[in-house]
Amino acid sequence: METGHLIAANDFCSSHQIEISFISSLKEFGLIEITTIKETSYIDTRQLQQLEKFLRMHYDLEINLEGIEAITHLLNRVNNMQDEITALKNRLSLYEDESL
Amino acid sequence: MEFIDYYKVLGIDKSASTEDIKKAYRKLARKHHPDLNPNNKEANKLFQQLNEANEVLSDPENRKKYDKYGKDWKHGEEYEKAQQAQGASSGQRGREQHFGGGQGEEDFSGFSDFFGSMFGGASGSGGAGRQAKYRGQDFNAELHLNLIDALQTHQQTLTVNGKNIRITIPAGIENGQTIKIAGHGGPGVNGGPNGDLFIAFSITNDTKFKREGNNLYTSVEIDLYTAVLGGEATVDTLTGKVKLKVPAETQNGTKVKLKGKGFPVYKKEGEFGDLYVTYTVKIPANLTEKQKALFTELSNS
């Protein structure tokens, strides 16, 4: 059942064969947002990529929620740094080769 | 094709138990998993090797076969052929994608030739990797452009995983920038949405302009007389030549800004950065005696 950009949390969980409690715990940790309409939980599809990443970390790599939380902060920093490095590299090309 | 020591890949010895293998795999997966190593191709490759080793060693049948033939894997190939001749083979199933999902490469072959020749495609049984279970897999591709191509918004057809996709590349895209084409990744499962396609742009600049964001930089040579007395200089811009008035007594290294003659601003049609021109004053060489005398006179004046 899709409601606009929302998908039912139950559908997601049964497709992944996981307990809904995992999603609730992620919500408690502030890692995802859940929308509740008429007592049914929905997830915005834009969060799916991140949510499935959490799932892999938890079920494939056996990382607990505290670990996932810490990793998420670090990954955000890594991403920001990678963007910064790209920008700096592009700037650096100004000064490389011949001087202007 | 080289023999791959799967025990070495997982850092375990031949007597390792199923539990040891699982542990070793998990430990290394936590290090090299693509989800934890964004934009790291090396980690990606290591993770694929890990998956392959795990695919072989965690499956009792595969492990037995691998241990039996080991370095004499070529015989394993013969074994495989014999099996097929007897009709005992389960048939050629496509290689399954035992990939954590995070970072799909364009090259999906995944497993090594060694693996292919010994096992004829993944058995797909005990692997700890995940197939798409709801949302489809994301694909990553890289696109190379020349700076000139990034001057105008244009369409380009890409082939990703055998499918042609027509995309619009907005003018002013930056080197290293990634754009997302929603829904063009792998197909979703059980009603889940498709994954996305991420295209990273690599832009080569073979012009004489340097680019920093929306601004361009170039230099133009003027002779000493123009610098001292003033005059004109012709400058190339990306859209043609421009004549500039050089004021008298212009110093070497003077920078002038040509407003709006820079690079188009990303996703802001009609907006452009600026072009900065640096004057390089050329000192006359091979002076005649008369010219020398004039300069001497000038220096004494």
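Residues numbered from 1 in each chain as written. Chains lettered and ligands numbered in written order. Predicted model: local features only at pLDDT ≥ 70, side-chain atom pairs only at ≥ 80, totals over all residues.

Colleague: How should I be thinking about the overall build of chain B in this particular structure?
Modeller: Counting its regular elements, chain B contains eight helices and 11 strands. In chain B, once contacts between residues fewer than 6 apart in sequence are set aside, the share between residues at least 24 apart is 57%. (Helix = DSSP H or I, 4+ residues; strand = E, 2+ residues; numbered from the N terminus. Contact = placed C-beta atoms within 7 Å.)

Colleague: Sorry, what's going on with the overall build of chain A here?
Modeller: When you go through chain A residue by residue, the secondary structure sums to four helices and four strands. Its helices and strands taken in sequence order, chain A reads β-β-α-α-β-β-α-α from the N to the C terminus. Here chain A has a C-alpha radius of gyration of 19 Å; the compact-globule value for 100 residues is 13 Å, and the former is much larger. Expressed along its principal axes, the backbone C-alpha trace of chain A runs to roughly 65 × 30 × 20 Å. (Rg over C-alpha atoms; globule rule 2.2 N^0.38 Å.)

Colleague: Would you mind going over the environment of His 184 of chain B with me for this structure?
Modeller: All names here are of chain B. Here His 184 lies in the loop between strand 4 (178–181) and strand 5 (197–204). We classify His 184 as buried; it has 22 C-beta atoms within 10 Å. For the pair His 184 and Gly 136, spaced 48 residues apart in sequence, the C-alpha to C-alpha distance is 9.2 Å. Apart from the residues lying within four places of it in its own chain, the contact partners of His 184 are Ile 165, Asp 196 and Leu 197. (Buried ≥ 20, exposed ≤ 12 C-beta atoms within 10 Å, placed from the backbone.)

Colleague: Just checking my understanding: could you explain the interface of chain A and chain B for this structure?
Modeller: Size of an interface, as often reported, equals the accessible area lost when the parts are brought together. On the side of chain B, 30 residues touch chain A, which itself brings 25 residues to the contact. Sorting the residues of the side of chain A that touches chain B by element identifies helix 1 (9–16), helix 3 (48–60) and helix 4 (65–92) of chain A as the ones contributing at least two each. Broken down by element, the side of chain A that touches chain B gets its largest block of residues, eight residues, from helix 4 of chain A. Among the residues making up the side of chain A that touches chain B, the classes are represented as nine nonpolar, nine polar and seven charged. (Nonpolar A, V, L, I, M, F, W, Y, C, P; charged D, E, K, R; others polar.)

Colleague: What's the story with the sheet that holds strand 6 (residues 210–212) of chain B in this structure? I'm lost.
Modeller: Sheet strands pair by backbone hydrogen bonding; their relative direction is either parallel or antiparallel. All names here are of chain B. Read from one edge to the other, the open sheet built from four strands follows the order 6-7-11-10, with strand pairing classed as mixed. Single-partner strands in this sheet number two, and they are strand 6 and strand 10 (255–258). Neighbouring strand axes in the sheet, compared pairwise and without regard to direction, differ in orientation by 30 degrees on average. Of the strand pairs in this sheet, strand 6 and strand 7 (residues 215–223) are connected by three bridges, and their pairing is antiparallel. Paired with Arg 211 across the two strands is Leu 216, which belongs to strand 7. (Pairing = 2+ DSSP bridges. Axes fitted to C-alpha atoms, helices over the stretch in contact; angles between N-to-C directions.)

Colleague: Help me out: how do you make sense of the domain arrangement of chain B in this one?
Modeller: All names here are of chain B. Taken as a whole, chain B is organised into domain 1 (6–119), domain 2 (139–204) and domain 3 (210–300). In this complex, domain 2 contributes six residues to the contact, which on the side of domain 3 involves eight residues. For the side of domain 2 that touches domain 3, the per-class residue count stands at five nonpolar, one polar and no charged. (Domains from an automatic or database assignment.)

Colleague: Just checking my understanding: could you explain the packing of helix 2 (residues 18–32) of chain B against helix 3 (residues 41–57) of chain B for this structure?
Modeller: All names here are of chain B. Between helix 2 and helix 3, the shortest axis-to-axis distance is 9 Å and the interhelical angle comes to 165 degrees. Here helix 2 lies roughly antiparallel to helix 3, going by the angle between them. At the point where helix 2 passes helix 3, the crossing takes the left-handed sense. Contact residues: helix 2 offers Ile 21, Tyr 25, Leu 28, Ala 29 and His 32, while helix 3 offers Ala 43, Leu 46, Phe 47, Leu 50, Asn 54 and Leu 57. (Parallel < 35°, antiparallel > 145°, perpendicular 65-115°, else oblique. Left-handed = near helix turned anticlockwise from the far one by under 90°.)

Colleague: I keep staring at the confidence of the model for chain B and nothing clicks. Help me out?
Modeller: For any part of a model where pLDDT is low, the fine detail of the predicted coordinates should not be relied upon. Residues and elements named next belong to chain B. Model confidence for chain B is summarised by a mean pLDDT of 84, while 83% of its residues fall at 70 or above. Across residues 86–109, confidence stays below pLDDT 50; counting only partners more than four residues off in sequence or on other chains, it has 57 contacts. Low confidence marks residues 123–129, where pLDDT is under 50. Its contacts with residues over four positions away, or in another chain, come to 18 contacts. Listed scores for the predicted complex are pTM 0.76 and ipTM 0.86. (pLDDT = per-residue confidence, 0-100.)

Colleague: What should I look at first to understand the pairing of strand 11 (residues 275–282) of chain B in this one?
Modeller: A regular strand carries its side chains on alternate faces of the sheet. Residue and element names in this part refer to chain B. Pairing geometry for strand 7 and strand 11, over eight bridges, is parallel. For Thr 218, the partnering residue across the bridge sits in strand 11 and is Val 277. With four bridges joining them, strand 10 and strand 11 adopt antiparallel strand pairing. Pairing of Leu 258 across the sheet is with Leu 275, part of strand 11.

Colleague: I'm lost on the environment of Thr 45 of chain A in this one. Help?
Modeller: Inspection of the secondary structure assignment puts Thr 45 of chain A in the loop between strand 4 (40–44) and helix 3. Look at Thr 45 of chain A and you get partly exposed, because 19 C-beta atoms sit within 10 Å. With 38 residues separating them in the primary sequence, Thr 45 of chain A and Ile 7 of chain A have C-alpha atoms 6.6 Å apart. Those residues in contact with Thr 45 of chain A that sit more than four places away from it in its chain are His 5 and Ile 7 of chain A together with Pro 193 of chain B.

Colleague: Quick question: what am I supposed to make of the pairing of strand 2 (residues 154–160) of chain B here?
Modeller: All names here are of chain B. As paired elements, strand 2 and strand 3 (residues 163–169) share seven bridges and run antiparallel to each other. Across the sheet, residue Thr 159 finds its bridge partner in strand 3, namely Asn 164. Hairpin connection, strand 2 to strand 3: the antiparallel pair is bridged by two residues, and Asn 161 has positive phi, about 50 degrees.

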